[in-house]
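Single-letter residue listing:
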Amino acid sequence: MSTSFMINGRQRTVDVDPSKPLLWVIRENLGLTGTKFGCGIAQCGACTVQVNGEPIRSCVTPVSSIEGRTITTIEGLSKESDLHPLQQAWIDHQVPQCGYCQSGQLMSASALLTNNPNPSDEQIDTAMKGNICRCGMYGRIRTAIKSVTANTVASNGKNELYYDAGEVEHV
């Protein structure tokens, strides 16, 4: 069965079993390996991608359910060679340790900031719940998220995220 969708700004059609998890279509059929397999049961968040701007667990999402939708993976988070402001914040706040969970963490964080430009600690915790970091970098993750603010750019009317490095506190 053919399934068509937009991924990272590019229209794609895949001819695969409709029950095949989106994660494996992304990795095996499309060659985008930034999205990781963690648990296979939607509990760890390593496989998080955005579908129509909302974070989902791609390991349990059948490819047939994304027909006609827009998918963003970690590879599509930044524009061209520039880092996304969250990616820069991750670096500046030394968030990654082993790094395995980071693509899922970043996809959940970017969805949060798109919908809520100035989240409280509680809102960050709620949005990031289910994104497990075995290295325990939750404090750094929260600090990095809070260092990025969303503003509407009058010139193009789109939400764009801006990073304010300010005083970088390493927790």
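As the structure is a prediction and not an experimental result, all values here were calculated from the model.

Describe the packing of aromatic side chains, and please don't skip the residues or the numbers.
The full count for this structure, using the stated rule, is one aromatic pair. Ring geometry for W24 versus F37: centroids 5.5 Å apart, planes at 35 degrees, classification tilted. In this pair, W24 sits in helix α1 (residues 22-29) while F37 sits in the loop between α1 and β3 (48-51), placing the two residues 13 residues apart along the sequence. Here W24 falls in the partly exposed class, since its relative accessible area comes to 25%.

Summarise the packing of helix α4 (residues 121-128) against helix α5 (residues 138-146); cite the residues concerned and give the values.
It is at 11 Å that the axes of α4 and α5 come closest, and there the two elements cross at 115 degrees. Here α4 is positioned roughly perpendicular relative to α5, judged by the angle of their axes. The way α4 lies across α5 gives a crossing that is right-handed. Here α4 contributes D121, I124, D125 and M128 to the contact with α5, which in turn contributes I141, R142, I145 and K146. When grouped by side-chain class, the residues that make up the contact of α4 with α5 number four nonpolar, no polar and four charged.

Tell me about the nonpolar core, and please be specific about residues and values.
Side chains of nonpolar character tend, in soluble globular proteins, to be buried together. Counting residues in hydrophobic clusters, the biggest one holds 20 residues, and the most contacted among them are L86, W90, L106, A109, M128, I141 and I145. Counting residues per element, this core draws most heavily on helix α3 (residues 102-115), which supplies five residues. F5, V16, I66 and I71 belong to the second-largest nonpolar core, a separate cluster that totals 13 residues.

Kindly report on the sheet that holds strand β2 (residues 10-15), identifying the contributing residues and their values.
One open sheet accounts for five strands, arranged β2-β1-β5-β3-β4; its pairing is mixed. Each edge of the open sheet is held by one strand with a lone partner, namely β2 and β4 (54-57). Shown here is a sheet whose adjacent strand axes are inclined to one another by a mean of 40 degrees, direction ignored. As defined by bridge partners, β3 adjoins β4 across four bridges and the pair is classed as antiparallel. Across the sheet, the residue bridging to V51 is E54, located in β4.

I'd love a proper account of the pairing of strand β1 (residues 2-7), names of residues and values included.
Where burial is concerned, the two faces of β1 differ: the one with T3, F5 and I7 is buried and the one with S2, S4 and M6 is not. In this sheet, β2 lies alongside β1 in antiparallel orientation, the contact comprising six bridges. Counted as the bridge partner of F5 is R12 from β2. Remark: two residues form the turn of the hairpin made by β1 and β2, two consecutive strands paired antiparallel; N8 in that turn has positive phi of roughly 50 degrees. Of the pairings in the sheet, the one linking β1 to strand β5 (residues 70-72) comprises two bridges and is parallel in character.

Requested: an account of the layout of surface pockets, with residues and values cited.
The space that makes up the second largest pocket amounts to roughly 180 Å³. Considering the residues around the second largest pocket, the lining is formed by G38, C39, C44, A46, C98, Y100, C101, I132, C133, R134 and C135. Broken down by class, the residue content of the lining of the second largest pocket amounts to nine nonpolar, one polar and one charged.

Parameters and conventions
Within each chain, residue numbers correspond to sequence positions counted from 1 in written order. For this predicted model, a pLDDT threshold of at least 70 governs which residues receive local features, and a threshold of 80 or more governs which side-chain atom pairs are given and counted, while totals over whole chains, interfaces and linings are taken from all residues. Hydrogen atoms and water are omitted, and side-chain values are computed over all heavy atoms in the structure. Pairs were defined over the aromatic rings of Phe, Tyr and Trp, the Trp ring being its six-membered one, requiring ring centres within 6.5 Å. Orientation was assigned from the angle between planes: stacked under 30 degrees, edge-to-face over 60, tilted for the rest. Working definition: helices are DSSP H or I runs of at least four residues, strands are E runs of at least two. Numbering for both runs from the N terminus. For every residue, the accessible area obtained with a 1.4 Å probe (protein chains only) is divided by the maximum for its type, and the residue is called buried under 20%, exposed over 50%, and partly exposed between those limits. Helix axes use the C-alpha atoms of the stretch in contact, all axes being lines fitted to C-alpha atoms, and the angles between their N-to-C directions lie in the range 0 to 180 degrees. Note on terminology: angles under 35 degrees are roughly parallel, angles over 145 are roughly antiparallel, angles of 65 to 115 are roughly perpendicular, and the others are oblique. By definition, turning the near helix anticlockwise from the far helix through less than a right angle yields a left-handed crossing, and turning it clockwise yields a right-handed one. Contacts are assigned to residue pairs that have any heavy atoms within 4.5 Å of one another. Classification convention: Asp, Glu, Lys, Arg as charged; Ala, Val, Leu, Ile, Met, Phe, Trp, Tyr, Cys, Pro as nonpolar; all other residues, Gly among them, as polar. Throughout this description, the term nonpolar core refers to a set of buried Ala, Val, Leu, Ile, Met, Phe, Trp, Tyr and Cys residues connected via side-chain atoms within 4.5 Å. One requirement defines pairing of two strands: DSSP has to find at least two bridges between them. Put plainly, a pocket is an open set of points on a 1 Å grid over the protein atoms alone with protein on both sides within 12 Å along at least five of seven lines, a cavity is a set where a 1.4 Å probe fits but cannot get out, and a lining residue has an atom within 4 Å of a point. Grid points are joined across faces, edges and corners, and a volume is the space filled by probe spheres set on the points.

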